[in-house]
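Letter by letter, the chains look like this.
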Amino acid sequence: MAKIGGWAGKVLRVDLSTGRISTENTIEKYKDYLGGTGIGYKVLWDEVPTGTKPFDPANKIIFAVGPLAGTGAPCNGRTAVTTLWPTCWPKPLVASGHMGGNFAAELKYAGYDGIIIEGKADHPVWLSIVDGQVQIKDARPLWGQGIRRTTVEIAQQMGPEASVAAIGQAGENLVPMSVVMNSYSHSAGGVGAVMGSKNLKAIGVHGTGSVYIAGNKVEWEKLIKLHLSILGANNQHVVPNTPQPWAEYYNASSRWRASRGRRWEASSPAIETGICNPHDLNRIAYRTNNAAFYLGDGAWKYTVRGNGCTGCPIRCHTMIKVPRAAAKYGIPEVGQNTCGGLNFGRAFFKTFPDGLRGETAIEACMVGMHMSDDYGIWCNYSQLQRDFQKLYYEGIIKSKLEEKEFKSYSWDKYEKGDPSFLFELLPRIALKEGELGTALGLGTGSLLERWFLSEEDWKKDHGLNYWKLGHPKHHASEEVGQCGVIINTQYNRDPQCHSHVNFTRNGLPLEIQKRLAAEIWGTPDAVDTVGAYTPMNIGKARMAKWSLLRKELHDSLSLCNWMGPWVASPLKERGYRGDDSIESMLYSLATGDKKSRHELDQIAERIFLLHRALTIRDMGTKEMRTQHDSIPEWVFKDASGKTPFTKGTICMDKDDIEMTMDMYYEVMDWDKKTGAPTTATYEKLGLGKVVEELSKKGLLP
Amino acid sequence: MEQHEAIGLAIAKIVRERSKIGQLTLPEEILTELTGQNLMKSENSDQKSQFGDALKQAIEKNEDLREISGRDGTLRYYSAQSLSETYARILIQRQENPLLLMAEIVRENSAIYPRPVPLDIFRESPFDLTEEEILDCLKEMAQQKEYQDIAQTMTSIGTLFLYSTEHLDSDYASSLAEWLDVGQSNNP
């Protein structure tokens, strides 16, 4: 039999209770689930009993990567971290966080496709992985340290090439709103405290091996070039934000910010980003500047360069250097992150003295990034900050705290938008100090319960973006109509799915989007423009299914679903098409296991179905449509009284959404009444054993 | 290589090189270059006629080479390999009529994407309009009958957007502007 490529071939299992370290064969045990979340769900299904709590030693945390991690495939740097989710409320259920950085590649080079952590150490430890040598080491000297110092200390022992995934004080103190982070700024949210509960401070990994590519090397290189050629900027925005000589189209809100005259001013010498013709594959990294995207053009003068994950030319973690902030607040002058991480500090404030994109806002970003990325605090897609604003401005914080504690905060600083307020708040979250710090660190659901607040009130308030189970929406009806609604009903945290939004926000004119949509989902009516939604149709249901399966596929292959899928491109000569088969072509050549797009999507469906089965099993009900796939009330309201399907509103129609869910369950081959997958669907996708267990428990429709 | 063939190749190269850096090329600029390369003598009237023929042939022979006409009928050339018609039109209108340029950009964006356009974009390359030019254009638009479809909306953080009422109604334009300016960065 030909040697299989892609996978490293082994999954590492570390029992922290006994100190036993073992390996198992990836291909024999997990190939049908690819890797990443696929391995994670499989381990939880097989090994973690219903009723287990996130911080029980019986819970497991699985760091897993896929067959494309560490290869030359673009955007292959994702590690999926799967476990029972501490902020899933009122009952913990399966979920996963995803970190970029260099961890995935190093793990592969060390010879592993995943690490299953089980049990609980009797004292703080860290795990050292250097190729075949795996050791559990004493972390007592590191306990109490932030992520940055921990990383440095471990890197001094392992060498600078090692990737260190560490927790900060938040994770140690079992704060559910905590992260694990590697490569300075790449975090997986929500799982820090699960590591903390196992007394696991960090995992350091360094490998000197490589990933074997089974297919023809010339074909592989051609495929990589094809993939690079259809990349856009961050989030697969395929048009620039101002007119460029080569571009037919542009979009002011595109993340493709490069242009003549826009320079990384904080580099020495400053670097011109230039016109970035998409055919120039050596300039992909100049396209994106997420600091400028979020903070406005004022951020160019602070920009050093883009940073990012192994194998990714997009560099979405923009590095900024703000000496003024360093001098003023005693923090490092250089920081880097993207999205919620970049905005962590800024998002707490309603106003700043010089506006939301002014100098003070940038200072708040710097302070927030450094503190949260060191203490290891999670924002839950900025739900932490939205909750905080509501709780403060509605007087709830004042009513819930003892007067002494309330007065210990400088609320005048907060109201004025003074970033130094963050020095008062963030350490108390990480260290569980006081009622406010403790409550905020719980996550929304448990916070509401602790303070006797109504989840229904949160579900009515559009400004909060709260969806369900303690978590917010993530690209829902506000920009992808019914398809976004479906996607936000399916997971046990915010869905972190970008397949749909990376298409609708790509910046191309509606006519081209519709042409591409017709090719992929069978009808141009699958997509609408934002705020001009049309009634539900089968194309939207297909788009939702495709989006969810591609997300699981990416999470299992280690491709980045923040960047893909790649079904549109910046290339006029391709009619702006990308390639919907890029994942299957990469998989087939890397592994030697030839799979068509459809066949690989079926594996993704199996993985997604296992997630559904785990949710059903651990909720103890098959009534998913009514008990799980819920939609908050704000989705159906418009502040100005507009009715659904009129231009300028994103509000949805209740009857239409009922039909939406009917159509979605139909395209998934699930039972429409319960929203649960049928026996036939499980069996069709090779999950006969799941049927056996669910059948015994009466959890099949 | 025949002289006329060499001239044809040189013309294509000149236009392509300038297109790569985002510039249109006037016939006289091509002629100057050819003269500098000793392929033509500009003072010779026969040569001028020969240049006209060579230019025409080069355009016909190289399908990426395009010509675009300004309002005064002046032709300029570009290569579609690296310069789009969209960009070429902006360059021409920027020079001839910034007011019309702004209106056309706003109308096109409102029609095809559809979306309103932030006023700030006109300060950027390739528009490169000054604050004063932009304000003058806005004043003119408000007064001239043919621009009465160009309307304004301001987002909650004070960013001014323009749209065309021929393609977007005011509520819809305002909601799109708010989404583009505030919503997208609040929903990363």
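Predicted model, so just to flag it, every value in this text is computed and none were measured. (Residues numbered from 1 in each chain as written. Chains lettered and ligands numbered in written order. Predicted model: local features only at pLDDT ≥ 70, side-chain atom pairs only at ≥ 80, totals over all residues.)

Draft legend 1. Structural detail: unusual backbone geometry. Residue and element names in this part refer to chain A. The omega torsion of the bond from Gly-564 to Pro-565 falls at 0 degrees, within 30 degrees of zero and hence cis. Checked against the element boundaries, Pro-565 lands in the loop between helix H23 (538-557) and helix H24 (582-591). Backbone geometry places Asn-235, a non-glycine residue, at a positive phi of 65 degrees. Tracing the backbone shows Asn-235 in the loop between helix H7 (217-230) and strand E13 (263-264). A positive phi is found at Cys-276, a non-glycine position, where the angle reads about 50 degrees. Inspection of the secondary structure puts Cys-276 in the loop between strand E14 (271-272) and helix H8 (290-295). Owing to 24 C-beta atoms within 10 Å, Cys-276 belongs among the buried residues under this scheme. (Helix = DSSP H or I, 4+ residues; strand = E, 2+ residues; numbered from the N terminus. Buried ≥ 20, exposed ≤ 12 C-beta atoms within 10 Å, placed from the backbone.)

Draft legend 2. Region of interest: the interface of chain B and chain A. Taken residue by residue, the interface counts 30 residues in chain B and 30 residues in chain A. Where the side of chain B that touches chain A is concerned, the elements lending two or more residues are helix H4 (85-96), strand E3 (117-118) and helix H7 (170-186) of chain B. With 9 residues, the single largest contributor to the side of chain B that touches chain A is H7 of chain B. Split by residue class, the side of chain B that touches chain A holds 16 nonpolar, 11 polar and 3 charged. (Contact = placed C-beta atoms within 7 Å. Nonpolar A, V, L, I, M, F, W, Y, C, P; charged D, E, K, R; others polar.)

Draft legend 3. View of the domain arrangement of chain B. In terms of domain boundaries, chain B breaks down into domain 1 (3-89) and domain 2 (97-186). On a C-alpha basis, the centroid separation for the pair domain 1 of chain B and domain 2 of chain B is 34 Å. (Domains from an automatic or database assignment.)

Draft legend 4. Quick look at the domain arrangement of chain A. Residue and element names in this part refer to chain A. Segmenting chain A into domains produces domain 1 (10-206), domain 2 (231-467) and domain 3 (474-696). The C-alpha-based centres of domain 1 and domain 3 are spaced at 28 Å. Taken together, the contact pairs 35 residues of domain 1 with 29 residues of domain 3. Counting only elements with at least two residues in the side of domain 1 that touches domain 3, the list comes to helix H2 (36-47) and strand E5 (94-99). Sort the elements by how many residues they give to the side of domain 1 that touches domain 3 and H2 lands first, with 7 residues.

Draft legend 5. Structural detail: helix H11 (residues 359-375) of chain A. All names here are of chain A. End to end, H11 covers 24 Å across 17 residues, agreeing with the expected 24 Å (1.5 Å per residue, within 8%). The element H11 is largely enclosed, with a buried count of 16 among its 17 residues. Positive phi appears at Gly-376, one or two residues downstream of H11, with a value of about 75 degrees. (Expected span 1.5 Å × (residues − 1).)

Draft legend 6. Focus on the packing of helix H22 (residues 510-521) of chain A against H23 of chain A. All names here are of chain A. Their axes nearest at 10 Å, the elements H22 and H23 cross at an angle of 75 degrees. Relative to H23, the element H22 lies roughly perpendicular. The segment H22 lies against H23, with Ala-517, Ile-520 and Trp-521 engaging Gly-539, Arg-542, Met-543 and Trp-546. Tallied by class, residues from the contact of H22 with H23 come to 5 nonpolar, 1 polar and 1 charged. (Axes fitted to C-alpha atoms, helices over the stretch in contact; angles between N-to-C directions. Parallel < 35°, antiparallel > 145°, perpendicular 65-115°, else oblique.)

Draft legend 7. Broad picture of the sheet that holds strand E4 (residues 150-154) of chain B. All names here are of chain B. The sheet built from 3 strands is open, its strands ordered E3-E5-E4 with antiparallel pairing. Looking at which strands have only one partner, the edges of the open sheet turn out to be E3 and E4. Here 2 bridges tie E3 to strand E5 (residues 160-164), and the two strands are oriented antiparallel to one another. Bridging from a neighbouring strand, Pro-118 pairs with Phe-161 of E5. Contacting E3, E4 and E5, helix H5 (residues 98-112) crosses the sheet at an angle of about 75 degrees to E5. (Pairing = 2+ DSSP bridges.)

Draft legend 8. Broad picture of the pairing of strand E1 (residues 10-15) of chain A. Residues and elements named next belong to chain A. In the sheet, E1 pairs with strand E2 (residues 20-25) via 6 bridges, with the strands oriented antiparallel. Each residue of the ladder has a partner; that of Asp-15, found in E2, is Arg-20. The hairpin turn running from E1 into E2, its antiparallel successor, is 4 residues long, and Gly-19 in that turn takes a positive phi close to 80 degrees. One ladder, built from 5 bridges, connects E1 with strand E6 (residues 114-118); its direction is parallel. Bridging across to E6, Asp-15 finds its partner in Glu-118.

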